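# Coordinates in review
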Amino acid sequence: MSRGGGRGGGGGRGRGGGTPGITMFGPDAIQATFKNPGETYPDIVLPVARPASDEEGVMFIAMKKLQDTLYSSPYYLTEPKKPGTIVRYTDRYHTDRAATRPKLETIKASCQARHRLDKLGENEEDDEADEEIDPETGLPKKTGDGDDDVEEEDYEDEEDAEGNDYNDTYFDNGENDVDLDMDEDAVEY
Amino acid sequence: MIQHNIAVYAEAQERNRIVTYYEANRAELLHRALIPKVLIYSQKWFEREGEAIASTILAHGKLTVVECLKDIQLNTKSSTLVSGRSEAQRVLAIKKTFTRMVKEKCLIAVKPSDSLTAADKDMADEKRETDKMTLPPTAAELANIRAGLEAQKSKDQNSSIVGLKRTLDSSEFDDFDGDKRRRLMTDGDLVIVEEVESDVYFKINFERFIIRWRNMQIACLYETRLNPTARKIINTILKLAEERMINIKEDFSSPINSILLQNSLPTDINLVDTLEFDPQELGPSNTKPRAGECLEKYLQILEEDQMQILKKDAGRSGQYIISLKAASRILKKSLIQDIVATRFGSPYVRIMNMLLEKGKLEEKQISRFSMMPVKDVREKLTTLCTYGILNLQEVPKTNDRAPSRTFYLWEVLLPRAADSLVDRLYHTMANLRQRRFVEKAKRAVLLEKCERSDVKDDENLLNAAERKELETLNSVLEMLEVQEMRVADMAVTLKEL
């Protein structure tokens, strides 16, 4: 009987909802949320952003300037443009950014100089006076000789290790890569 | 990328060759979002030369003094020299600013070992120590070694600034009115002058900037609560204590003597007139007390303030200490409250504040205290929980965790709330960046046209519609960039402080 079933169901519901503290979690609470699900996408008042203050405007300009510097510096590597199949009239006006940047090799020279300078520093340690700061670790030179020797060995190992032939090809932008692992044509599982 | 401090490397011996592994330096990458603010503030604190130095170093990652100088001269050769200074004077000014930046630790020296991953360095140190022992170390000895290495690392960090050397300069100190430390009366006019070493590479120390911004924010807290004079006093205290601040996570600043504070206050500060005195306390002559006593009164007011940031240093009279932990907690709390208020509305903030004050509460108690019906409270609690601000603690009454027989207590854990909000803020930043790319991509044809050399020379080749489009693009990009900066600011407050 639908009337009896409705009464029985209503009575059960009433009993379940009457006791405090049970309706939060448990089977009755689920019924409650199913009955009032709420809107799927309720309206939110979208806040309007504060306009940029003067300081922020200056920040934007400074950042833009730095960005332009970075994009035209040798660090921003892009592939050089390959000539297209069709030669267009406007091609003469398009400048190839990759071609106008200074090459990364110009920076490489100073990095190598730094390595050489570090090695020089290792030899000069013995001659320098007490106050001098050790150029490679940056600490005042008070440590015993044992530590320095170990560090020197570490550095020499890094420079002269056999498999380490990155020095020459470091700034190549990936042109002369040799596949050491023979992975290129292998099938990946 | 290693040059720009974004990546670090590690070398490992694998079979018969050395393999190099590279890792991205996450902390540095996230700091790069703050670059615009760094540029502006380096101009504020170190004038125009500071900005030039900062932008050159940022363009190259790390530089020595000499290279930085050469670069600045190259870049500004074309522009006219401002204020008619000669070239030599400008070089001197740049060098002086550079030295100042290194001394204030805004620029920090880079050692070759910085390019190695931190874990690698630790492992190498440990290996060195354990190699000295003949037998493999036990767990206790290993723990001892690790503790010793950590102590040494913290000592290294606290030691003097790397990259500065002191030379005896026998030149007149008229044209180099730099730091006069001690004067040796024997050898005529010898002055010990601090100079930057010419073969050490420096990079921008973002932590230093963040520390200074945090100090400014702490001072602003006092301005809203008290008055601008209080802000100036706190500013001075923090500036004096700043020298000893190594990293952000310190709990307390170093103690400041009140006499030292009195001498270092800015001259335009007006202590006497900003305090109101009880006429009975002033005595019969009704004269206002001197500055020293006013300062004492101010310090007393600041100390008794509810924020509990300024404290008397225990055991030493006349010394004051700033509790950075309490200050950063307050800054984070106010930012989270602002975020929740803007996103959801004030009833949600009411609930959050109540839980912050009172600790753990049950749903019924929350609805009673916040004067909202239980249904509303339940809805708001679940929304805040999914947003990441609230935590639920179950306290079972019986052995089985039946939902009808457990207490469910809601609470706000500030570190966890901050973490989840930082996550959301990074998502927002990523959205803003993507939007920037999309906007540029929508106008890709126009942008390519602008890159043409004949258009760059002559603006009239673009018709009115295109120019309008470019203007819209510029304004949209500016708005997006500004919003990104604001979000990065918030992320720094929540994450780093």
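Conventions adopted
- Residues numbered from 1 in each chain as written.
- Chains lettered and ligands numbered in written order.
- Predicted model: local features only at pLDDT ≥ 70, side-chain atom pairs only at ≥ 80, totals over all residues.
- Heavy atoms only, no water.
- Helix = DSSP H or I, 4+ residues; strand = E, 2+ residues; numbered from the N terminus.
- Buried < 20%, exposed > 50% of the residue type's maximum accessible area, 1.4 Å probe, protein only.
- Areas by Shrake-Rupley, 256 points an atom, 1.4 Å probe, with all protein chains shown as cover.
- Phe/Tyr/Trp six-rings, centres within 6.5 Å; stacked < 30°, edge-to-face > 60°.
- Lys NZ or Arg CZ within 6 Å of the ring centre and 35° of its normal.
- pLDDT = per-residue confidence, 0-100.
- Contact = heavy atoms within 4.5 Å.
- Pairing = 2+ DSSP bridges.
- Axes fitted to C-alpha atoms, helices over the stretch in contact; angles between N-to-C directions.
- Expected span 1.5 Å × (residues − 1).
- Parallel < 35°, antiparallel > 145°, perpendicular 65-115°, else oblique.
- Left-handed = near helix turned anticlockwise from the far one by under 90°.
- Salt bridge = Lys/Arg side-chain N within 4 Å of Asp/Glu carboxyl O.
- Domains from an automatic or database assignment.
- Buried area = accessible area lost by both parts, 1.4 Å probe.
- Polar contact = N/O pair within 3.5 Å; in protein donor to acceptor, adjacent residues only side chain to side chain.
- Nonpolar A, V, L, I, M, F, W, Y, C, P; charged D, E, K, R; others polar.
- UniProt positions renumbered as here; feature names shortened; annotations may be inferred.

Let's shift gears to the overall build of chain B. Along chain B, the regular secondary structure elements total 19 helices and 13 strands. Taking all 497 residues of chain B together, 42% fall into the buried category. Roughly 28100 Å² of accessible area belongs to chain B as shown, and the carbon and sulfur atoms make up 51% of that amount.

Under the defined criterion, the tally for this structure stands at 8 aromatic pairs over all chains. Summarising the aromatic geometry, the rings of Tyr71(A) and Tyr76(A) are spaced 4.5 Å apart at their centres and angled 45° between planes, so their arrangement reads as tilted. For Tyr76(A), a relative accessible area of 37% translates into the label partly exposed. Residues Phe98(B) and Phe202(B) carry aromatic rings whose centres are separated by 5.6 Å and whose planes lie at 80° to one another, so their mutual orientation is edge-to-face. Of this pair, Phe98(B) sits in helix H4 (residues 87-103) while Phe202(B) sits in strand S7 (residues 201-204), and the two are 104 residues apart along the sequence. Overall, Phe202(B) belongs to the buried group, its relative accessible area being 0%. Members of the aromatic cluster, joined through ring pairs, are Tyr41(B), Trp45(B), Phe209(B) and Trp213(B). The ring of Trp45(B) carries the charged tip of Arg212(B) above its face, separated from the ring centre by 4.7 Å.

Turning our eyes to something else, we now look at the confidence of the model for chain B. Residue and element names in this part refer to chain B. Looking at chain B as a whole, the pLDDT averages 79, with 82% of positions reaching at least 70. Per-element averaging of pLDDT across chain B places strand S5 (residues 183-184) at the bottom with 36 and helix H16 (residues 414-442) at the top with 93. Low pLDDT, under 50, characterises residues 170-188; the stretch is placed with 28 contacts to residues that sit more than four places away or in other chains. Reported for the predicted complex are a pTM of 0.72 and an ipTM of 0.76.

What follows covers the sheet that holds strand S8 (residues 256-257) of chain B. Residues and elements named next belong to chain B. Reading across from one edge, S8-S10-S9 is the order of the 3 strands in this open sheet, with antiparallel pairing throughout. Edge positions in the sheet fall to S8 and strand S9 (310-312), since each has one partner strand and no second. As judged from the 2 bridges shared by S8 and strand S10 (residues 319-322), these two strands associate in the antiparallel manner. Note on S10: the bridge partner recorded for Ile256 is Tyr320. In the packing of helix H11 (residues 291-304) onto the sheet, the strands contacted are S9 and S10, and the crossing angle to S9 comes to about 110°.

Okay, H16(B) next. End to end, H16(B) covers 42 Å across 29 residues, agreeing with the expected 42 Å (1.5 Å per residue, within 8%). Looking only at H16(B), the buried set comprises Leu414(B), Ala417(B), Ala418(B), Leu421(B), Val422(B), Leu425(B), Met429(B), Leu432(B), Arg436(B) and Glu439(B). Each element contacted by the buried residues of H16(B) is listed here: helix H3 (54-71) of chain A together with helix H12 (324-343), helix H13 (346-358), helix H15 (374-387), strand S13 (406-412) and helix H19 (464-496) of chain B.

To continue, consider the packing of helix H2 (residues 35-60) of chain B against helix H7 (residues 206-225) of chain B. Residues and elements named next belong to chain B. Remark: H2 packs on H7, axes separated minimally by 13 Å, with the N-to-C direction vectors making an angle of 155°. One way to sum up the angle between H2 and H7 is to call them roughly antiparallel. Like other packed secondary-structure pairs, H2 and H7 cross with a definite hand, here left-handed. Judged by residue contacts, Ile35, Lys37, Val38, Tyr41, Ser42, Trp45, Phe46 and Leu58 of H2 engage Phe206, Phe209, Arg212, Trp213 and Met216 from H7.

Here the focus is the pattern of salt bridges. Applying the stated criterion to the full structure yields 19 salt bridges over all chains. One salt-bridge network, in which partners are shared between bridges, spans Arg435(B), Glu439(B), Lys442(B), Arg443(B) and Glu469(B).

Our focus in this paragraph is the domain arrangement of chain B. All names here are of chain B. What the domain assignment lists for chain B is domain 1 (25-202), domain 2 (207-322), domain 3 (327-412) and domain 4 (418-495). Here the C-alpha centre of domain 4 lies 38 Å away from the C-alpha centre of domain 3. The interface is formed by 9 residues belonging to domain 3 together with 7 residues belonging to domain 4. Taken over both partners, the interface formed by domain 3 and domain 4 buries close to 790 Å², and the fraction arising from carbon and sulfur atoms is 73%. When the area that domain 3 buries against domain 4 is broken down by residue, the three leading residues are Lys332, Leu335 and Tyr387, summing to 56%. On the surface where domain 3 and domain 4 come into contact, there are 0 salt bridges. In this structure, the connection of domain 3 to domain 4 is made through 3 residue pairs in polar contact (both at pLDDT 80 or more). Contributing elements (two or more residues each) for the side of domain 3 that touches domain 4: H12 and H15. It is H12 that provides the largest number of residues to the side of domain 3 that touches domain 4, a total of 5 residues. Along the lines of polarity and charge, the residues of the side of domain 3 that touches domain 4 split into 6 nonpolar, 2 polar and 1 charged.

Glancing now at the UniProt feature "domain: DNA-directed RNA polymerase III subunit RPC3 winged-helix" (unreviewed entry) in chain B. Residues annotated in UniProt with the feature "domain: DNA-directed RNA polymerase III subunit RPC3 winged-helix" (unreviewed entry) correspond here to residues 336-412 of chain B. A helix fraction of 56% and a strand fraction of 21% characterise residues 336-412 of chain B, whose end C-alpha atoms lie 11 Å from each other.

Moving on to the side chain of Gln483(B). Assignment of secondary structure puts Gln483(B) in helix H19. On the basis of relative accessible area, Gln483(B) is assigned to the buried category, the value being 18%. Leaving out residues up to four positions away in the same chain, Gln483(B) has contacts with Ala49(A), Arg50(A) and Leu432(B).

Another point: the packing of H12(B) against H19(B). Residue and element names in this part refer to chain B. Interhelical geometry of H12 versus H19 gives an angle of 135° and a closest axis separation of 9 Å. The angle between H12 and H19 places the two elements in the oblique class. As H12 runs across H19, the sense of the crossing is left-handed. Contacts between H12 and H19 involve Leu331, Lys332, Leu335, Ile336 and Ile339 from the former and Met490, Thr493 and Leu494 from the latter.

Moving on to the sheet that holds strand S11 (residues 361-362) of chain B. Across the sheet, which stays open at both edges, the 3 strands sit in the order S11-S13-S12 (chain B) with antiparallel pairing between neighbours. The sheet is open, and its two edges are formed by S11 and strand S12 (390-396) of chain B, each paired on a single side.

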